[in-house]
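Here's the letter readout for the chains.
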Amino acid sequence: MSLCLVVDEMHPSLPAYLEPLGLTLHYRPDLRAAEVPAALAAHPYEGLVVRSKLRVTRELLAHGPQLRYVCRAGAGVDNIDEAALADAGVTLLNAPEGNRDAVGEYAIGLLLALFRHLPRADAEVRAGQWQREANRGEELGGKTVGLLGYGHMGRAFARRLSAFGCTVLAHDHEPACPPDAYATLVPLAELQARAEVLSLHIPYEKANHHFVNEEFLAGFPKAIWLLNTARGEVLDHAALVSRLRTGQIRGAALDVLENEKLATLNAEQQARFEYLRTAPNVVLAPHIGGWTVQSYERINAVLARKLAAFLQEGRG
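- An unreviewed UniProt entry lists the protein under the name Phosphoglycerate dehydrogenase, with Hymenobacter terrestris given as the organism.

What follows is the structure, encoded as structure tokens:
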């Protein structure tokens, strides 16, 4: 039997998906990140399953010389050193198919909440205020929405936007990005020239740090709404706040922040967060775009399918 160490909380269906593949699971979500190297060294693990608790680094891999694969239970792999895995001959498997529908639906909800002032209106009614005219909103139908990044998440959002009668433009850095019926792939300059809404769907990696910055935002001739369900670090929050103040960004809906450990914000981050927290045209949420009952289990199913193919290839 092949040993696999699981260091994060997973849907309880995980053994039912993975044990038929011939795996013995050591389910240890109680482990702290600092304790994982010793755990890896204690057994001949061939597999490691993680969410976001742990950074998988070259140093960590040295403690698990028999590792053959790392499974990331989710889409983003910014906590994993892919070059180190490649050098060690370790395969990385992730599961963006597991939560793409959750993110697609959620992005629609964020955009509607932003356009129709739902958080503010809810708070006002709870406070005994009935302000209809002050909460007159925008319709999503007819808007031109620009998607930066057209992978699993961008495509799921585009599919749902199409039902609202939107014009959906998408730009992806990959020249071979396949087209589909839900968005028109365009050069970045065209997306900037035409978009009324900008939605971010690019992964975080060093090259994408603050990709959306002051210079990038200056390329939009129209005032835009901005949506981020990707990673907080791809957006320069100083540029965001500056443009919210001037009205060049009409509103923002953010599921992710530059620093999501709110107790550790430095002075500059705290000042930006205070502005965002109190701005009436900003919707905030705690990185829950892919966090649904259904996606929780579906991620296990996707990982099991990919792991079965990997193991079969290795045995062949």
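### Digging into the sheet that holds strand β2 (residues 23-27)
- Pairing in this open sheet of five strands is parallel, and the strands run β2-β1-β3-β4-β5 from one edge to the other. Strands at the two margins of the open sheet, each flanked by one partner only, are β2 and β5 (91-94). Between one strand and the next, the sheet's axes are offset by a mean angle of 20 degrees, whatever the strand orientation.
- Sheet analysis places strand β4 (residues 69-72) next to β5, joined by four bridges and oriented parallel. What sits directly across from tyrosine 69, in β5, is threonine 91.

### Re the packing of helix α5 (residues 96-115) against helix α7 (residues 152-162)
- For the pair α5 and α7, interaxial distance at closest approach is 8 Å and the crossing angle is 45 degrees. Looking at the two axes, α5 sits oblique to α7. Helix-helix and strand crossings are classified by hand; for α5 and α7 the assignment is right-handed. Contacts between α5 and α7 pair Pro96, Glu97, Asn99, Arg100, Asp101, Val103, Gly104, Glu105, Ala107, Ile108 and Leu111 from the former with His152, Met153, Ala156, Phe157, Arg160 and Leu161 from the latter.
- When its residues are assigned to classes, the contact of α5 with α7 shows nine nonpolar, three polar and five charged.

### Describing the pattern of salt bridges
- Considering all chains together, one arrives at 17 salt bridges under this definition.
- Between arginine 194 and glutamate 190 there is a salt bridge, with its nearest N and O atoms 2.8 Å apart. Linking arginine 194 with glutamate 190, this pair stays in helix α8 (residues 188-194), spanning four residues, or about one helical turn.
- For arginine 194, a relative accessible area of 34% puts it in the partly exposed group.
- Among the ionic pairs, glutamate 258 bridges to arginine 272, the shortest N-O distance being 2.9 Å. Highlighted residues: glutamate 258 in the loop between β11 (249-254) and α11 (267-278) and arginine 272 in helix α11, separated in sequence by 14 residues.
- Several salt bridges share partner residues, and in doing so they unite Glu138, Lys143 and Arg250 into one network.

### Section: the packing of aromatic side chains
- Within this structure, the stated rule accounts for four aromatic pairs.
- For the pair tyrosine 69 and phenylalanine 310, a centre-to-centre distance of 5.8 Å together with 70 degrees between the ring planes defines the contact as edge-to-face. Note that tyrosine 69 is positioned in strand β4 and phenylalanine 310 in helix α12 (residues 293-315), a separation of 241 residues in sequence. As far as the burial class goes, tyrosine 69 and phenylalanine 310 line up, both buried.
- Put simply, the rings of Phe211, Phe216 and Phe220 pair up and form one aromatic cluster.

### Structural notes on the sheet that holds strand β8 (residues 184-185)
- Across the sheet, seven strands lie side by side as β8-β7-β6-β9-β10-β11-β12; this open sheet has parallel pairing. Each edge of the sheet is formed by a strand with only one pairing partner; in this case those strands are β8 and β12 (282-284).
- In this structure, strand β6 (residues 144-148) lies alongside strand β9 (residues 197-200), joined through four bridges in parallel fashion. Paired with glycine 146 across the two strands is leucine 198, which belongs to β9.
- Against the sheet, α7 touches β6, β7 (167-171), β9 and β10 (224-228), its axis set at about 170 degrees to β6.
- Sitting on the sheet, helix α10 (residues 237-246) is in contact with β11 and β12, with an inclination near 135 degrees to β11.

### Section: the state of the cysteines
- Tallying each qualifying case throughout the model produces zero disulfides.
- A disulfide-free cysteine, cysteine 4 has its sulfur positioned 6.2 Å from the sulfur of cysteine 71, the nearest such atom.
- In this model cysteine 177 remains outside any disulfide bridge; the closest cysteine sulfur is found in cysteine 166, 19 Å from its own.
- Overall, cysteine 177 belongs to the buried group, its relative accessible area being 11%.

### What about the packing of α10 against α11?
- The geometry of α10 relative to α11 is characterised by a closest axis approach of 10 Å and an angle of 40 degrees between their N-to-C directions. By the angle between their axes, α10 is oblique relative to α11. Here α10 runs over α11; the crossing is left-handed. Seen from α10, the contacting residues are His237, Ala238, Leu240, Val241, Leu244 and Arg245; seen from α11, they are Arg272, Tyr275 and Leu276.

Here is what the cut-offs are and how they apply
Residues numbered from 1 in each chain as written. Predicted model: local features only at pLDDT ≥ 70, side-chain atom pairs only at ≥ 80, totals over all residues. Heavy atoms only, no water. Pairing = 2+ DSSP bridges. Helix = DSSP H or I, 4+ residues; strand = E, 2+ residues; numbered from the N terminus. Axes fitted to C-alpha atoms, helices over the stretch in contact; angles between N-to-C directions. Parallel < 35°, antiparallel > 145°, perpendicular 65-115°, else oblique. Left-handed = near helix turned anticlockwise from the far one by under 90°. Contact = heavy atoms within 4.5 Å. Nonpolar A, V, L, I, M, F, W, Y, C, P; charged D, E, K, R; others polar. Salt bridge = Lys/Arg side-chain N within 4 Å of Asp/Glu carboxyl O. Buried < 20%, exposed > 50% of the residue type's maximum accessible area, 1.4 Å probe, protein only. Phe/Tyr/Trp six-rings, centres within 6.5 Å; stacked < 30°, edge-to-face > 60°. Disulfide = S-S within 2.5 Å.

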